[in-house]
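What follows is the residue order along each chain.
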Amino acid sequence: MLMNTFWQVFCLVVGLGAVVISPFVVMKAFGKSRERAEKFMYRLMAFVLVYKIIHFTLMPTIFRQDAVKLIPVEISSVSYFLMPIAYLSGWRILKETGRFVGFFAGLVQLLAMSISPQSFVNSDMTNFTFIESIIMHYSLYLGGLVWNFTIEPLRYKNLWEALTGFLVILLWGTLAAFTWRYDHVNNKPENIMFIQECVLPEFLLIPGFDKNHLFIIEYLAVFFVYIAILYKLSRMAFRRRNPEPRSKWGGGSYRKYLREKAVLPPNFYGIKEHVEYYAPIIAVRDEGAQAEKPCAREEIAQG
């Protein structure tokens, strides 16, 4: 009983603490240096990707688990690959979805730990899997903070790309729930991404919304409020910062970085900054020799 209480308090403190404290730490550490943020992000995403590749390689081989059952279908398990690949590759087609979905998966997990810690403590996860889940979800959340608030702002004009990718992942999970992840024991689709059955605690559930999938209305309402707040805060974080070109840690090939290095980045509003380089102003002395204009100050001082 005491251990159960300890783990519930642990979930509450870790989940809520990570959500509240991390944004201030990230802005303090990386808010004024895009290169430092990109270097940290590069290493974090490389760690997540390599770890998950090893994890999904060992499970069906060494530990003899069903490889088909291990195919990533949940938003979190998909994000473990999607977010790092999107950042490290720099592929435009993946970036918006990767950073949106990865941050969302990490945030939801941490908030769920704070709101309903007993559901995690009473689950059938081993202690190692439990701690691993916290670390990996926090990596997604932290990566989303760094990416969306110190490297590149979220823009409403690109929201359709993120939502399209998010919808594809939902459809992919729904397909899995009715096919290779179907629950044959209870003869029902597996509750992937919690859209087949309601898992909201009673104090967050509108009476009667636990039936006929009405709880999804609550999901959607919270989801769009989340989008509005996230995009607004991301824009505010960049509004007072000068645009900086991406560094060699910014994802994509090094050759691409060298090509972009000579090109000025768009500013916050997507407009190219114009910089004019003035040639030195030349003054002609009486004897016909040429000198830069600062020499005139010397002559005045001598006179």
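Here the residue numbering is sequential within each chain, running from 1 through the sequence in written order. With the structure being a predicted model, the display of local features is reserved for residues of pLDDT at least 70 and the display and counting of side-chain atom pairs for 80 or more, all residues being used for whole-chain, interface and lining totals. The basis for the side-chain values is all heavy atoms of the structure; hydrogens and waters are excluded.

> Requested: an account of the overall build of the chain, with residues and values cited.
Think of it this way: any DSSP run of H or I at least four residues long counts as a helix, any run of E at least two long counts as a strand, and we number them from the N terminus. Check the secondary structure of the chain and you find 10 helices and 2 strands. Helices and strands in the chain line up, N terminus first, as α-α-α-α-α-α-α-α-α-β-β-α. By definition, residues are in contact when any of their heavy atoms lie within 4.5 Å. Across the chain, contacts joining residues at least 24 apart in sequence account for 71% of those joining residues at least 6 apart. Surface exposure here means Shrake-Rupley accessible area, sampled with a 1.4 Å probe, where a residue is shielded only by the protein chains that are shown. On the chain, roughly 18,700 Å² of surface is accessible, and the fraction owed to carbon and sulfur atoms is 66%.

> Residues and numbers for the environment of L88, please.
Mapped onto the secondary structure, L88 falls in helix α3 (residues 75-89). Sequence spacing of L88 and S253 is 165 residues, and the spatial spacing of their C-alpha atoms is 8.7 Å. Each residue touching L88, except ones within four places of it in the same chain, is listed here: Y42, M45, A46, L49, G251 and G252.

> Lay out the environment of L94 with the relevant residues and their values.
Here L94 is to be found in helix α4 (residues 92-115). Relative accessible area serves as the criterion here: at 21%, L94 is assigned to the partly exposed category. Distance in space between the C-alpha atoms of L94 and A162 is 8.7 Å, their sequence separation being 68 residues. Those residues within four positions of L94 in sequence are excluded, and the remaining contacts are L82, I85 and A86. Only protein chains enter the accessibility calculation, which uses a 1.4 Å probe; a residue is then buried when its area is under 20% of its type maximum, exposed when over 50%, and partly exposed in between.

> Account for the packing of aromatic side chains, with residues named and values stated.
Aromatic rings from Phe, Tyr and Trp, with only the six-membered ring used for Trp, were paired whenever their centres fell within 6.5 Å, and each pair was classed as stacked if the ring planes differed by under 30 degrees, edge-to-face if by over 60, and tilted otherwise. Considering all chains together, one arrives at 25 aromatic pairs under this definition. Aromatic side chains F100 and Y231 sit 6.5 Å apart centroid to centroid with 55 degrees between the ring planes, which places their arrangement in the tilted category. Linking F100 in helix α4 with Y231 in helix α8 (residues 215-239), this pair joins segments that are 131 residues apart in sequence. One exposure class covers both F100 and Y231, and it is buried. Counting every residue linked through ring pairs, the aromatic cluster contains F100, F104, Y156, F166, F223, F224, Y226 and Y231.

> How would you summarise unusual backbone geometry if you had to cite specific residues and measurements?
It is generally the case that most residues other than glycine have a negative phi and that most peptide bonds are trans. Although it is not a glycine, M193 sits at a positive phi angle of roughly 60 degrees. If you trace the backbone, M193 turns up in the loop between α7 (159-178) and α8. Of note in this structure, F194 is not a glycine but carries a positive phi near 60 degrees. Within the secondary structure layout, F194 lies in the loop between α7 and α8.

> So what about the nonpolar core? Which residues, and what values?
Remark: nonpolar core denotes a set of buried residues (Ala, Val, Leu, Ile, Met, Phe, Trp, Tyr, Cys) joined through side-chain atoms within 4.5 Å. Core analysis: the largest hydrophobic core is formed by 58 residues, its most contacted members being M41, I75, F100, Y226, L230 and Y231. Put simply, the parts of the chain that give this core at least two residues each are α1 (2-30), α2 (34-61), α3, α4, α5 (117-121), α6 (127-151), α7 and α8. The greatest single-element share of this core, amounting to 11 residues, is contributed by α6. When near neighbours in sequence (up to four residues on either side) are disregarded, L230 contacts F100, F103, F149 and L154.

> Break down the packing of α7 against α8 for me, with residues and values.
Comment: axis = line fitted to C-alpha atoms, over the contacting stretch for helices; angle = value between 0 and 180 degrees taken between N-to-C directions. Direction vectors running N to C along α7 and α8 enclose 140 degrees, while the axes themselves pass 13 Å from each other. It follows that α7 is oblique to α8 by the angle criterion. Judged by the twist between their axes, the crossing of α7 over α8 is right-handed. Residue-level contacts link L159, A162, L163 and F166 of α7 to F223, I227 and Y231 of α8. Gly is put with the polar residues, along with every residue not named as nonpolar or charged; the nonpolar set is Ala, Val, Leu, Ile, Met, Phe, Trp, Tyr, Cys and Pro, and the charged set is Asp, Glu, Lys and Arg. Residue composition of the contact of α7 with α8, by class: 7 nonpolar, no polar and no charged. We call two directions roughly parallel when the angle between them is under 35 degrees, roughly antiparallel when it is over 145, roughly perpendicular when it lies between 65 and 115, and oblique otherwise. In this scheme the crossing of two helices becomes right-handed for a clockwise turn of the near helix relative to the far one and left-handed for an anticlockwise turn of less than a right angle.

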